[in-house]
Each structure stands twice: as structure tokens, then as C-alpha cells.
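Residue-level listing of the chains:
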Amino acid sequence: MTVVRRALMRIGGPNSVSWPAFWVTYALLVIGHFLVSGPLSISVPERLLLVTVTQAASFAPLLLLYRLAHRSAGERPRPMRALGFFAVSGALRGLVLAWLLSLADPNQPPQWLYRASAGVLTVTLTLSIVAVLVDGSRTHAQRMASLLAAQSAISESREVLQARVTRRNEQLVAGIRQSLEAEIGTLDPDFPQEALDQLQFMVSDVVQPMSLELTREIPWLSRTPAVPPVKLEWRPLLQAATSGHPFAPFVTGLIMFVMGVPTAQLLAPEAVVQTQLGLLLAPAAALALANQVVGWIPDAWGLVRRGAWTLLALVAASALCGLLLVGIAQTTDRSTAIFVTAGFFTAVLGALIALARATIAEQTRVEGLLSQATEHARWALARVAQVLWFEQMALAQTLHGPVQSQISAAAIRLEDAVRTSAETAGLISSVRESILGALSHLDARAVEPVSLPLSVERLVALWSQVCVIDVDLPHGIVHNLSDDPPAERCAADIVVEGAANAIRHSEATHVTISFAAVADCDPLRPELLITVRDNGEGPIGRDRSGLGTEFLEQTTVGWTLEALDDGHVLTARIPTLRPVAAQT
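Predicted model, so just to flag it, every value in this text is computed and none were measured. (Residues numbered from 1 in each chain as written. Predicted model: local features only at pLDDT ≥ 70, side-chain atom pairs only at ≥ 80, totals over all residues. Heavy atoms only, no water.)

## Some words on the confidence of the model for the protein
(1) Moving on: Of the residues in the protein, 82% have a pLDDT of 70 or more, and the chain-wide mean is 78.
(2) Moving on: The low-confidence segment residues 542–547, where pLDDT is below 50, has 15 contacts with residues more than four positions distant or belonging to other chains. (pLDDT = per-residue confidence, 0-100. Contact = heavy atoms within 4.5 Å.)

Take a look at the structure:
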């Protein structure tokens, strides 16, 4: 986004009309009126009252219309509409002031055209500059709040969320243990057939559904941190506004040139062309010198000294601009008014534009920090979700392995005893104790390591009769993932599910799977890029029994699924414990 487009979005944003804009335009109206209009037959308090009424009469409709229009249009910036509102407000201000002055002093010509055009140019340009400054400042505060929230999410993902994962797994284990112990407690030695039926029920309707549900359950972590309130930090803005070359000489001169179109006719009617030319060149030359002076400030200076030196340079440049303009206009009747007016508006516009530029620059810097913090938070949250998924697989495997095997073995022993009419009372008591002993595996569960090369090899063999699956799996990636079981498990699950979805739902006959290190990621947040490309047709369906969207959302840093002319491509970036090597 260019600087001009960014400024236009500020003008059309929700902060275009604000109280700072009211006071700035009011101050410029008061000072400009007394400098340009000259002496009148009415007193100073009466003139001040007329100017105040004029400001209220022009700003109140602007505020009302803009709020109503902006509310109906939502949050979308509309710069052209805002500029139109500014122009209407400026014209209204000029006409109201001309009418009030003609009523207060009948001998004073209304100057309808002059005051209306002066109002349009002055108000439109001033409100535009203030809108950029105010909207940028408030947006900067909001960005800082989001940055703090993202940093809070990082801390939560590393500390609080890990504690939640541990607590959640403890609750799962306690619930499973309680359910199985309740079922075991119903085994009655006096009714061996019922006990056998109960054991078979535990295998088919309790343990197996529990283990299967764990493999389907998606780890859920909140990715929407609360945004804390934050105050605008003016120090970085002032630091930026007093460093380097803060002023915009050409832009200030151009604005002075436009604003001076009606004023030059009034202050120097015999030298309008020279005065207009001076309004363009004098501020540009004076502020260019001021930039050079500010550029001499040593880096070791504090903010107070920098601010004082910058302000002194601006005041000197404004005075120089006034002197240059008096010399260019070559008039003696209104030389003081020309000097004061040119100097005042050069100082005000120079300061406002410098602050606006500093605000945009500071916001750009903060947006960069915010983007980095957000990526860090997303990486950390995905990593925690990987660990949670890995621990769920360990719990599911424990249920499916030692616990289910012990119950199945007990059922077989009891079935043999019932068939041979052997004594079953002691056997049922022994079975009960052996199953309760097997439940201890829930506390010391260990997941069976998942080998990514083996998973891919099995995948290729499974679908070999219906689909050709090509795999690019560099040796360096295999080596690094062997030390990172959670990431290796997630990578295996993603490619198995991605290929299966392409074959089952899109009737793909050729699938290509590739693994590569993400080249542009932060070395402290390494990532692995997984790509699954197929030649299937139509959309890829998502069965609820598969991993699906929720799994990808939670355990990846980012993922996409696109339909191409010749098939589909699924890409997923998963966090890894250390940078993955790309060598083959």
C-alpha cells in the first residue's frame, strides 16, 4: 500500500471527524480571520463570538452527517465521501461567516465567493491532515493493544495451556478409570454367563469406543486472545517526528499554494501570481533547510533536547518563509499580515504533517512487530496442540492395547470355564484383579513411536492397486523428525488423511506427497511444509471420522486446500522442535 493510499484510508476511516479536528480548525479559523480580514468596525469579542458560532454551525452538521453515513456503511473507509463532507463543511463555514459579518457590520462587503472558496480549501486540507494524524494515532494504540494480546497468547500457550492439557488428560484418565471400575464392579461370581457378557460388552461398547473417540477428538485451543486496553504512547511518535528529515517541504508548499488561492487575491491583489508562486516555493525552501538542521541532531540527544531543537528549526523556517513571501509579493500595504500569516500556517502545517508522517511510520513499525508476534503465537499454539494430540494418541493406544487386551484375555478365560463347567468364582475374582491391575497402564501410558517413513510406505502399499503415490521425503527431514515424536505423528496423520481423502472422495489416480523445510520462517520457530497434490476431480469431501479442518486448524501454523485445473493441492505448515534439514 502506497503512502498516498494509506493516507486516503485514514481520511475515510472512523476517526476522520473528531474533537481534535474541531479544535484545530477552530484555532486556524480564529487566527486566520484576524490576520487576513484586518480591522472591522465591531469589537474583538464580537468577532470572536461570530467566529465561534460559525465554527459550531459548520462542524455540527458535519459531525452528524458523517456519523450517520459511517454507521450505515460499516467499517469500510470511504475517503472520497469524507472529502466531500469536508468541502461542504468548509463552504458552509465561509458562507455563514460572510453572512454574520454582513449583519454585524453592514459596511463590510460579504465576499461570498472568497469566503466560501477559502473555507472549502482550508477546511478540506486541514481536516484531511488532522484525520491522518488522529486516525493513525488511534489505530496505532489499537495495534499496540493487539500486539500485547498476541504476546499474552504466546505466554498462555507456553504456560497456562500446557497446564490445561495436563489437567485435561488427568480428567480423561480419571473418567475412563471410573467407568471401567464401575463395569468391573458389576461382575458377579454367582452368575458367570452374565459376567462373560459384561466383559464382552466392556470390550465392544466401552473400551473400543473410548479409544476410537480419542483418535477422533480434535485438540481445541483458543486462538482469539483478549485485547487489553492500552494508552497511546506519544514518546515513540515524538521521537520519530524529531529524527531524520521530519518535514515534508514540497507537500507543505503545495498545500500552502492551494489554500492561498483565495487569500492571495485579498492580501496582494496587485501581485497575485508572484504571491501564489511564493506560497509554493517559500515553504518548500524554508522547510528543506529545517530538515537539514534537524538532521544534524546527534543520536545521543534526549527527547527534550531533540524536540526543542526541532521546534526552533521549525520556527526559524516559518519566519524565513514569511520573509521570502513578503519579498516575492513586493507589497508594503499588507506586508505584516503576509509575514505573520505565511509564517503561522507554515509552522502549523509543518508540525501537523511531521506528526502525521511519524504516526504512519510508527504504525508501520508496530504492524511489523504485531505480525511477528502473531506468527509466534500461532506457532506456539500449534505446537501445544501437537503435544496434546500426541498424548491423546498415547491414551488411545493404552486403552486399545494393554487394557483392551487384558479384558479380552479375561473374557476368553471365562468363556472356556463356562464352556467346560469349571469353577468360576475364583476365576472371576482373579479376572477382576488382573483388569484393575491393567488400569495402572493409564497412569504410565507410553505412545508407540510413529515412523513417518514407515507410515508413508504403508500408505503407498495400501492404495497401490487403485492409485499411484509418489513421495519426496528427504533423509534430513526424517532424521530431524525422529527426535520430535509429536511433529512426526502429526505429519504422518496429515499425509495419510490427505491422500485418503483425495482417493476416496475425488477418485484420484495419482497423488504426490512432498516434505520441505519452510525457508522464510524464523529459525527460532522452525516449520515443516507438507504438500499433497492429486489429479482428482471435484471438491474433496471431509468425513467427520477423519482429521478434517479442525485438526489442521489446531495443529498447523497455516494450511490451504486449493482446487486446480488438473486436481487439488493441500499444503500445511507444522511447527517442529528444531529446524528441519532439507538434504536428501
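## Looking at the pattern of salt bridges
A side chain with one charge can pair with a side chain of the opposite charge if their charged atoms come near.
(1) Moving on: What the rule picks out here adds up to three salt bridges.
(2) Moving on: With its nearest N and O atoms 3.5 Å apart, the salt bridge here joins Arg489 to Asp493. Taken as a pair, Arg489 and Asp493 lie in helix α16 (residues 485–506) at a separation of four residues, close to a single helical turn. Of the two residues examined, Arg489 and Asp493, each falls in the buried class.
(3) Moving on: Where Glu527 meets Arg573, a salt bridge forms, and the shortest distance between an N and an O atom there is 2.9 Å. Of this pair, Glu527 sits in strand β3 (residues 527–534) while Arg573 sits in strand β5 (residues 567–575), placing them 46 residues apart in sequence.
(4) Moving on: By relative accessible area, which is 6% here, Glu527 ends up buried. (Salt bridge = Lys/Arg side-chain N within 4 Å of Asp/Glu carboxyl O. Helix = DSSP H or I, 4+ residues; strand = E, 2+ residues; numbered from the N terminus. Buried < 20%, exposed > 50% of the residue type's maximum accessible area, 1.4 Å probe, protein only.)

## Points about the environment of Val557
(1) Moving on: Within the element layout of this structure, Val557 appears in the loop between α17 (548–555) and β4 (558–564).
(2) Moving on: Looking at Val557, the relative accessible area reads 5%, which means it is buried.
(3) Moving on: Residues Val557 and Arg573, spaced 16 residues apart in sequence, show a C-alpha to C-alpha distance of 5.4 Å.
(4) Moving on: Contact partners of Val557, with chain neighbours within four places excluded, come to Glu375, Arg378, Trp379, Ala382, Glu527, Arg573, Ile574 and Pro575.

## Description of the packing of aromatic side chains
(1) Moving on: Taken as a whole, this structure holds seven aromatic pairs when the rule is applied.
(2) Moving on: For the ring pair Trp19 and Phe22, a centre distance of 5.5 Å and an interplane angle of 80° mean the geometry is edge-to-face. One end of the pair is Trp19 and the other is Phe22, both in helix α2 (residues 19–36) and three residues apart, which spans about a single turn.
(3) Moving on: With relative accessibility at 56%, the residue Trp19 sits in the exposed group.
(4) Moving on: Taking the centre distance of 5.3 Å and the plane angle of 80° together, the rings of Phe344 and Phe345 count as edge-to-face. (Phe/Tyr/Trp six-rings, centres within 6.5 Å; stacked < 30°, edge-to-face > 60°.)

## Comments concerning empty space enclosed by the protein
(1) Moving on: Applying the stated criterion to the full structure yields three cavities of 30 Å³ or more.
(2) Moving on: Looking at the largest cavity, its volume works out to about 460 Å³.
(3) Moving on: Lining the largest cavity are 27 residues, and of these Val36, Tyr114, Thr122, Thr263 and Phe345 sit closest to its centre.
(4) Moving on: Mapped onto the lining of the largest cavity, the elements with two or more residues apiece are α2, α4 (79–104), α5 (112–158), α9 (249–267), α10 (272–295) and α12 (335–420).
(5) Moving on: By residue number, the principal contributor to the lining of the largest cavity is α9, which donates six residues.
(6) Moving on: Class assignment for the residues of the lining of the largest cavity results in 15 nonpolar, 10 polar and two charged. (1 Å grid on protein atoms, 1.4 Å probe; cavity = no way out; pocket = protein on both sides within 12 Å on 5 of 7 lines; lining within 4 Å. Points joined across faces, edges and corners; volume = space filled by probe spheres on them. Nonpolar A, V, L, I, M, F, W, Y, C, P; charged D, E, K, R; others polar.)

## Observations concerning the nonpolar core
(1) Moving on: Core analysis: the biggest nonpolar cluster contains 44 residues, and Phe86 and Phe247 have the highest contact counts within it.
(2) Moving on: Among the secondary structure elements, those contributing two or more residues to this core are α2, α3 (44–73), α4, α5, α9, α10, α11 (303–329) and α12.
(3) Moving on: With nine residues, the top contributor of residues to this core is α12.
(4) Moving on: Apart from the residues within four sequence positions on either side, Phe247 is in contact with Leu287, Ala290, Asn291, Val294, Thr310, Leu314, Gly350, Ala354 and Arg357.
(5) Moving on: Ranked by size, the runner-up nonpolar core spans 32 residues in total, among them Trp389, Met393, Ile477 and Ala502. (Core = buried A, V, L, I, M, F, W, Y, C linked by side-chain atoms within 4.5 Å.)

## Notes on the sheet that holds β3
(1) Moving on: If you walk across this open sheet you meet the five strands as β1-β2-β3-β5-β4, and the pairing is mixed. Strands with a single pairing partner mark the edges of an open sheet, and in this sheet they are β1 (468–472) and β4. When strand polarity is set aside, the average angle formed by the axes of neighbouring strands in this sheet is 10°.
(2) Moving on: The pairing of strand β2 (residues 510–517) with β3 spans seven bridges and is classified as antiparallel. Bridge pairing in β3 links Ala516 to Leu529.
(3) Moving on: Across the sheet, helix α14 (residues 452–462) lies against β1 and β2, angled at about 160° from β1, the strand it touches most. (Pairing = 2+ DSSP bridges. Axes fitted to C-alpha atoms, helices over the stretch in contact; angles between N-to-C directions.)

## Here's the deal with the packing of α14 against α16
Pairs of packed helices are described in terms of their axes, by the angle between the two and the distance that separates them.
(1) Moving on: Their axes nearest at 9 Å, the elements α14 and α16 cross at an angle of 15°. When the axis of α14 is compared with that of α16, the two are roughly parallel. Read as a crossing pair, α14 and α16 show a hand that is right-handed. Across the interface between the two elements, Leu452, Pro453, Ser455, Val456 and Leu459 from α14 touch Glu488, Ala491, Ala492, Val495, Val496 and Ala499 from α16.
(2) Moving on: Within the contact of α14 with α16, the residues separate by chemical class into nine nonpolar, one polar and one charged. (Parallel < 35°, antiparallel > 145°, perpendicular 65-115°, else oblique. Left-handed = near helix turned anticlockwise from the far one by under 90°.)

## Some thoughts on the pairing of β5
(1) Moving on: With eight of its nine residues buried, β5 lies for the most part within the structure.
(2) Moving on: Pairing between β3 and β5: eight bridges, direction antiparallel. The partner of Glu527 across the bridge, within β5, is Pro575.
(3) Moving on: Here seven bridges tie β4 to β5, and the two strands are oriented antiparallel to one another. Bridge assignment links Gly558 to a residue of β5, and that residue is Arg573.
(4) Moving on: Where β4 folds back onto β5 in an antiparallel hairpin, the turn is made up of two residues.

## Here we look at the environment of Gln111
(1) Moving on: Structurally, the position occupied by Gln111 is in the loop between α4 and α5.
(2) Moving on: Taking the C-alpha atoms as reference, Gln111 lies 8.9 Å from Leu95; in sequence the two are 16 residues apart.

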